[in-house]
Amino acid sequence: MHDESEAAGAQDREHLTFEDNDAGARRSGWLAGGFVVLLLGWMGSGFILPSGGNGAEIEEAEPQAIAVAVRLSESEPVVLTFQAEGQALPDRDTMIRAEASGDVAEVFVRKGQTVEADTVIARLSTDREGADVERAEEELARARREFDNAESLLARGISTEDRVSEARATLAAAEAQLIAAQTALESTDIVAPFAGRLETMTLDQGEFIQAGAEVARLVDNRPLTVAVEVPQQELTRIRDGQQAVVTFITGEERTGRVTFVGSAASAETRTFLTEIEVPNEDGSIAAGISAEVSIPTGQAQAHFISPSIISLDPSGQVGVKVVEEDRAVFYPVEVVRAEIDGIWVIGIPDPSEIITIGQGFVQDGEAVRADRDLEITEAATAPGAER
């Protein structure tokens, strides 16, 4: 039975076997091969034939020049100034001290009052000093009588030269004692050494003070002295006698004069102390307030531009970009004066087409397309156009 089944399976396999000379099998193989050849040819055509109509070669497009707006700028004469912040100082400022000890008998002025030189502001009790003066006067009178008698006796041959010399010495000592007593009496008057305003006054009638105690502060702010610090690189531009415009923090403006320029730099700041004297006859400007000093130091030809036009080169140098022969050119500049609506710079050719819009998108030497149609608008709205 098993042998019969195997014989039947062998007959079936003989039925499913294709002959090599079968035409349908050969046609399917040729179709598959042709499809593969066409696919490979299509894929390789991109490497052999360039794309584009009619086989035209593609030319590499040239980069477009960047459009920028420019403004024609011409230099103008500008006054160079040195500017610094300072402080107004009084011409004289001192503490008044008592020259003697004693009780305060009288106070003649009050704090905040303006006094003239040698004004007595207070007086101490003079009882002791007055008694010393009277005693010294009595001693002087007695010494003078003894001296006169000694000379008279010497003239009559009764006295000697030694007696006269002794009387003369006693007379001199009495005179010195009287001067000392009178000086002590005068010291009971506390006086103002110069004209000014009493900023402090600590005296009260009846209190006891010691010799040398500070009793008042006297300030003279007529004129004022404005002190500023000048950097060492600016020192050659400042000299005695130069005029200066001083604007105080209160808004008041005065014209002063440089009266002192230091010759030794501060060890901490390497700056030089400079003083400007400012008239203040009415005393309306208080000492100690802040002030801005502007000293004219010369003149230069400069361009007035907006700070927004300033650029930096790759090294960090400050400059301005201009258009020359359709290319952007970077020029380093130096700011010589600053104003509220712009700055004055030197270092740009005169005249120059300054790039006002687009300077941040172009580099030095790069081709640009200057838009001069905006020149009138830029000039009308540029800082300082109404000057």
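Participant: Lay out the overall build of the chain in plain terms, naming residues and giving numbers.
Facilitator: Looking only at helices and strands, the chain has five helices and 20 strands in total. Counting the 387 residues in the chain, one finds 30% classified as buried. At a minimum sequence separation of 6, the contacts of the chain that also span at least 24 residues come to 73%. When the accessible surface of the chain is totalled, it reaches about 24,700 Å², and 51% of it is carbon and sulfur.

Participant: Give a description of unusual backbone geometry that names residues and reports values.
Facilitator: Geometrically, the link from arginine 222 to proline 223 is a cis peptide bond, its omega value of 5 degrees lying close to zero. Inspection of the secondary structure assignment puts proline 223 in strand 9 (residues 214-231). Between aspartate 350 and proline 351 the backbone carries a cis peptide bond, its omega angle lying at -5 degrees. Structurally, the position occupied by proline 351 is in the loop between strand 18 (342-346) and strand 19 (352-357).

Participant: I'd like a rundown of the pattern of salt bridges, residues and numbers included.
Facilitator: A side chain of one charge can pair with a side chain of the opposite charge when the charged atoms of the two come close. Considering all chains together, one arrives at 14 salt bridges under this definition. For aspartate 93, the salt bridge identified is with arginine 217, shortest N-O distance 2.5 Å. One end of the pair, aspartate 93, is in strand 2 (residues 76-97); the other, arginine 217, is in strand 9, with 124 residues separating them in the sequence. Across the salt bridge formed by arginine 142 and glutamate 146, the nearest N and O atoms sit 2.8 Å from each other. Taken together, the positions of arginine 142 and glutamate 146, both in helix 3 (residues 127-155) and four residues apart, correspond to about one turn of that helix. Note on arginine 142: relative accessible area 33%, which makes it partly exposed.

Participant: Mind laying out the packing of helix 3 against helix 4 (residues 161-186), listing which residues take part and the relevant values?
Facilitator: At their nearest, the axes of helix 3 and helix 4 sit 8 Å apart, and the two run at 160 degrees to each other. Taken together, helix 3 and helix 4 sit at an angle that is classed as roughly antiparallel. For the crossing formed where helix 3 meets helix 4, the hand is left-handed. Residue classes in the contact of helix 3 with helix 4 are distributed as 15 nonpolar, four polar and eleven charged.

Participant: Could you give me a rundown of the nonpolar core, with the residues and numbers involved?
Facilitator: By size, the foremost hydrophobic cluster in this structure holds 20 residues, and its most contacted members are Val226, Val246, Phe248, Ile276 and Val293. Where this core is concerned, the elements lending two or more residues are strand 2, strand 9, strand 10 (243-248), strand 11 (253-261), strand 12 (271-278) and strand 13 (290-305). Ranked by residue count, the leading element in this core is strand 9, at four residues. What phenylalanine 248 contacts, discounting residues up to four positions off in sequence, is Ala88, Leu224, Val226, Arg254, Val278, Ile285, Ile289, Ser290 and Ala291. Counting residues in each nonpolar core, the second largest holds 19 residues, with Val115, Ile190, Phe194 and Leu203 among its members.

Criteria and thresholds
- Residues numbered from 1 in each chain as written.
- Predicted model: local features only at pLDDT ≥ 70, side-chain atom pairs only at ≥ 80, totals over all residues.
- Heavy atoms only, no water.
- Helix = DSSP H or I, 4+ residues; strand = E, 2+ residues; numbered from the N terminus.
- Buried < 20%, exposed > 50% of the residue type's maximum accessible area, 1.4 Å probe, protein only.
- Contact = heavy atoms within 4.5 Å.
- Areas by Shrake-Rupley, 256 points an atom, 1.4 Å probe, with all protein chains shown as cover.
- Salt bridge = Lys/Arg side-chain N within 4 Å of Asp/Glu carboxyl O.
- Axes fitted to C-alpha atoms, helices over the stretch in contact; angles between N-to-C directions.
- Parallel < 35°, antiparallel > 145°, perpendicular 65-115°, else oblique.
- Left-handed = near helix turned anticlockwise from the far one by under 90°.
- Nonpolar A, V, L, I, M, F, W, Y, C, P; charged D, E, K, R; others polar.
- Core = buried A, V, L, I, M, F, W, Y, C linked by side-chain atoms within 4.5 Å.

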